[in-house]
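Letter by letter, the chains look like this.
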Amino acid sequence: MPSTTEQPAVAETDISAETETETAADTDTGTRPAGLLGRVESRFPRGLVIRLVAYLFVGHLFAFFVYLLFVLGGQNQ
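Here the structure is a predicted model, which means the values were calculated and not measured.

Visitor: How do you make sense of the overall build of the protein when you look at a structure like this?
Guide: Along its length, the protein carries 3 helices and 0 strands. When the helices and strands of the protein are read in sequence order from the N terminus, they spell out α-α-α. Buried residues in the protein amount to 3% of all 77 residues. When the accessible surface of the protein is split by element, carbon and sulfur atoms take 66% of a total near 7,400 Å².

Here's what the structure looks like:
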């Protein structure tokens, strides 16, 4: 009497390969938010983006203040 064949093992690997491909395609296409801010937020946490913008703004404001001190200080000489 012939025993059962091992075809289901081959079919299981085919199914798992298809499932991996489908999940990779699903995560790449439909879940991305549109726009520049959406792309930035998908890569970095929102709190980090807010801190980065705040530090850049405060840093430029401080640099302008120091520049203004040099310009006003240079006029007195």
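Visitor: Please clarify how a nonpolar patch on the surface should be interpreted in this entry.
Guide: A contiguous nonpolar surface patch, about 470 Å² in accessible area, is contributed by Phe64, Tyr67, Leu68, Val71 and Leu72. Counting through the fold element by element, Tyr67 comes out in helix H3 (residues 46-75). Owing to a relative accessible area of 54%, Tyr67 belongs among the exposed residues under this scheme.

Visitor: How should I be thinking about the confidence of the model for the protein in this particular structure?
Guide: Predicted coordinates in areas of low pLDDT are best not read in detail. For the protein, per-residue confidence averages 74 on the pLDDT scale, and residues scoring 70 or more make up 49% of the total. Taken element by element, the protein is modelled with least confidence in helix H1 (residues 7-29), mean pLDDT 51, and with most confidence in H3, mean pLDDT 96.

Reading guide: rules and limits
Residues numbered from 1 in each chain as written. Predicted model: local features only at pLDDT ≥ 70, side-chain atom pairs only at ≥ 80, totals over all residues. Heavy atoms only, no water. Helix = DSSP H or I, 4+ residues; strand = E, 2+ residues; numbered from the N terminus. Buried < 20%, exposed > 50% of the residue type's maximum accessible area, 1.4 Å probe, protein only. Areas by Shrake-Rupley, 256 points an atom, 1.4 Å probe, with all protein chains shown as cover. Patch = residues over 30% accessible without salt bridge, like charges linked within 9 Å, V, L, I, M, F, W, Y side chains within 5 Å. Salt bridge = Lys/Arg side-chain N within 4 Å of Asp/Glu carboxyl O. pLDDT = per-residue confidence, 0-100.

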